[in-house]
Amino acid sequence: MNTVPSLRLAPMDNERSAGRRVAVIGAGFSGTMVAIHLHALLPPACQVLLCERDRFACGTAYATPFAHHMLNVRATGMSAFPADSSHFVNWLAARATDRAGEVMTTEAGAFASRRVFGDYLSELLETARATAGKRRIALRPGEVVDIERAGVGFRLHFADGGVERVGAVVLAMGNLPPPPSGMPGRLADAWSAGATTGLRPDLPVLIVGTGLTMIDLALQMRDAGFAAPIIALSRRGLLPRRHRPTTPWPTPVFTDRERRSLLALLDCVRREVRAAAARGVDWRCVIDSLRPMTADLWCGLPPRERARFLRHLRPFWDVHRHRLPGPIADRIDGMRAQGQLDIRRGRLLDMRAGESGVEVTARLHGASEPTRFVVQRVIDAMGLTGLHGSVDPLAVALMRRGLARADGLGLGLDVTSTLAVIDASGHAATQMWALGPVVRGALWECTAVPEIRVHAVRVAHAVAEAFAERRAPPVGRPRPQPRSAAPCAAWRARTI
Ligand SMILES: Cc1cc2nc3c(=O)[nH]c(=O)nc-3n(C[C@H](O)[C@H](O)[C@H](O)COP(=O)(O)OP(=O)(O)OC[C@H]3O[C@@H](n4cnc5c(N)ncnc54)[C@H](O)[C@@H]3O)c2cc1C
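The paragraphs below set out a description of the structure included in this document. No experiment lies behind these values; they were computed from the predicted model shown.

### As for the overall build of the protein
Reasoning step 1: Check the secondary structure of the protein and you find 15 helices and 18 strands.
Reasoning step 2: Across the 496 residues that make up the protein, the buried fraction comes to 54%.
Reasoning step 3: For the protein, restricting intrachain contacts to residue pairs at least 6 apart in sequence, the fraction spanning at least 24 positions comes to 73%.
Reasoning step 4: If you sum the accessible surface of the protein, you get close to 21500 Å²; carbon and sulfur atoms cover 54% of it.

### So, the sheet that holds strand 9 (residues 168-171)
Reasoning step 1: With respect to topology, six strands assemble into an open sheet ordered 5-2-1-9-18-17, the strand pairing being mixed. Among the strands making up the open sheet, the edge pair consists of strand 5 (137-141) and strand 17 (420-422). Sheet twist, expressed as the average angle between the axes of neighbouring strands with direction ignored, equals 35°.
Reasoning step 2: Where helix 6 (residues 114-132) meets the sheet, it contacts strand 2 (47-52) and strand 5, and its direction lies at approximately 125° from that of strand 5.

### Thoughts on the packing of helix 2 (residues 29-41) against helix 6
Reasoning step 1: It is the contact of helix 2 with helix 6, at a shortest axis distance of 10 Å, that shows an interaxial angle of 25°. Here helix 6 runs roughly parallel to helix 2, going by the angle between their axes. When you trace helix 2 past helix 6, the crossing you get is left-handed. Between helix 2 and helix 6, the contacting residues are Phe29, Thr32, Met33, Ile36 and His39 on the first element and Phe117, Leu121, Leu124, Leu125, Ala128, Thr131 and Ala132 on the second.
Reasoning step 2: In terms of residue class, the contact of helix 2 with helix 6 is built from nine nonpolar, three polar and no charged.

### Concerning the packing of aromatic side chains
Reasoning step 1: Enumeration according to the criterion identifies 10 aromatic pairs in this entry.
Reasoning step 2: Measuring from centroid to centroid gives 5.3 Å for tryptophan 91 and tyrosine 120, while their planes differ by 65°, and the two rings are edge-to-face. In this pair, tryptophan 91 is assigned in helix 4 (residues 87-94) and tyrosine 120 in helix 6, connecting sequence segments 29 residues apart. Each member of the pair, tryptophan 91 together with tyrosine 120, is buried.
Reasoning step 3: Pairing tryptophan 298 with phenylalanine 309 gives two aromatic rings, centres 5.6 Å apart and planes at 75°, and the pair type is edge-to-face.

### Regarding the sheet that holds strand 7 (residues 153-158)
Strand pairing within a sheet occurs via backbone hydrogen bonds; the two strands may be parallel or antiparallel.
Reasoning step 1: The strand order across the open sheet built from three strands is 6-7-8, with neighbouring strands paired in antiparallel fashion. Of all strands in the sheet, those bounded by a partner on one side alone are strand 6 (144-150) and strand 8 (163-166). Strand-to-strand twist in this sheet, taken as the mean axis angle between neighbours without regard to direction, amounts to 20°.
Reasoning step 2: Across four bridges, the pairing between strand 7 and strand 8 is antiparallel. Opposite phenylalanine 154, over in strand 8, you have valine 166 as the bridge partner.

### Remarks on the site of the ligand
Reasoning step 1: Within the structure, the ligand sits among 36 residues, and Ser30, Glu52, Tyr62, Asn72 and Val449 are positioned closest to it.
Reasoning step 2: If the ligand stood free it would expose 990 Å²; the protein chains cover 92% of that surface.
Reasoning step 3: At the level of elements, helix 2, strand 2, helix 3 (59-62) and helix 15 (449-469) are the ones that each hand at least two residues to the shell around the ligand.
Reasoning step 4: If one sorts the elements of the shell around the ligand by residue count, helix 3 sits on top with four residues.
Reasoning step 5: Within the shell around the ligand, the residues separate by chemical class into 19 nonpolar, 11 polar and six charged.

Parameters at a glance
Residues numbered from 1 in each chain as written. Predicted model: local features only at pLDDT ≥ 70, side-chain atom pairs only at ≥ 80, totals over all residues. Heavy atoms only, no water. Helix = DSSP H or I, 4+ residues; strand = E, 2+ residues; numbered from the N terminus. Buried < 20%, exposed > 50% of the residue type's maximum accessible area, 1.4 Å probe, protein only. Contact = heavy atoms within 4.5 Å. Areas by Shrake-Rupley, 256 points an atom, 1.4 Å probe, with all protein chains shown as cover. Pairing = 2+ DSSP bridges. Axes fitted to C-alpha atoms, helices over the stretch in contact; angles between N-to-C directions. Parallel < 35°, antiparallel > 145°, perpendicular 65-115°, else oblique. Left-handed = near helix turned anticlockwise from the far one by under 90°. Nonpolar A, V, L, I, M, F, W, Y, C, P; charged D, E, K, R; others polar. Phe/Tyr/Trp six-rings, centres within 6.5 Å; stacked < 30°, edge-to-face > 60°. Near = heavy atom within 4 Å.

Shown next as structure tokens:
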């Protein structure tokens, strides 16, 4: 279980020490790893202020209490340290006896539970704090709701009324919470504690979305004894594919023309899959071979092509790229075969609170007329939420103050190749960086551990360099950045 205690900071000489403090906002995998690396890189007098509104060293993914919530990346891919790829596997092996029940060995490799990964992350933070001293990495519980510039640094405002002065900020806020839907009966957040509790045994539930979040929710309900039908609806009705054993496939080489056209890229990938199949190699090997260059390909695509990807290709990409461990896929197949889980392709048109539940109207694929049905609850498991329309107080404040701007698609914050936040004037903000799912629109392939662990090192180095250079005055003002087009070459083949 997660054991990192949430210590309230002792009041300290805020103003005087501000220039020697870095605030890391969000203590999921991204923020925790940046804090751990900063401890090793910052000069001795500096302090890391790790701010978290919920549980430290977990984040949405690894805070789950459910043992069946498995990692969708093999244990061999989940080391927290890019320079020590066996770190997590060795950690698991050392705890083999008490964690055996939470590791599944499959033909495609071993998969640990997400809860175990949360324990791993908590232990890493505890160990770093034990080595560094509690003041070196100070835990600040509470939600940061606003940031304003103050001299060369920032003033952080917390929901509890607290204020902290810092010299630099790292934003590791994860996925932005979905805005409230305003529709009656709709549960906006699939990850809230009450998402699947308090259900009546007799009425169906509708999950909007058929990806990994839906899989989690369906198994969660099943394990809690829920036996009524679960309808899962999405525009394409696609389910994540299962992991199979893979072998390395050479990363394809794309021409400049191919790199600028989604259709041309798709053609190349299809050609590559056919070539692999002709040699008896599974398509998964080709998809995996693209991973080190996905961020680079994303950055090279014109904005129009990226928008096209989101509209048309993303559901197909997601189900091939983010796969399920075999035993989880078997359970989902079992629920479908028994008729409990009904995957539907279609569009939700309307919902309203009725006498016996939520009256839903959907246009199902192939049906000439809209279909109406009654469910007791509708759960939003669509996943991707954007910055525009976000009600996240910190995101709203960053935009209002012009400290950050949205990436070209409005999915999250815009950043440079060194993960520096780009402000409203198009300049790389001094002393502010961001990483993890919150920069997905700028980099795309930056939401999972194999990429984040590399980015955490990169951000920690950038912060440490900025602190080292602080004594020297900045020379001139940097040129404005084109919207989320900056990184490209800098990312090539460097993300794993
Ligand atoms: C259900 C699920 C399963 C996943 N499974 C895998 C997997 O198997 N393998 C893999 O590699 N990746 C997986 N991922 C991807 C996952 O997003 C990343 O691995 C990683 O955990 C992201 O970490 P993060 O710290 O950037 O974001 P998060 O984990 O979302 O953490 C952000 C943290 O910031 C805090 N926060 C946000 N705003 C504020 C604020 N204003 N003030 C204070 N605190 C704030 C939040 O409370 C949260 O704890 C999964 C994701 C999800 C959602």
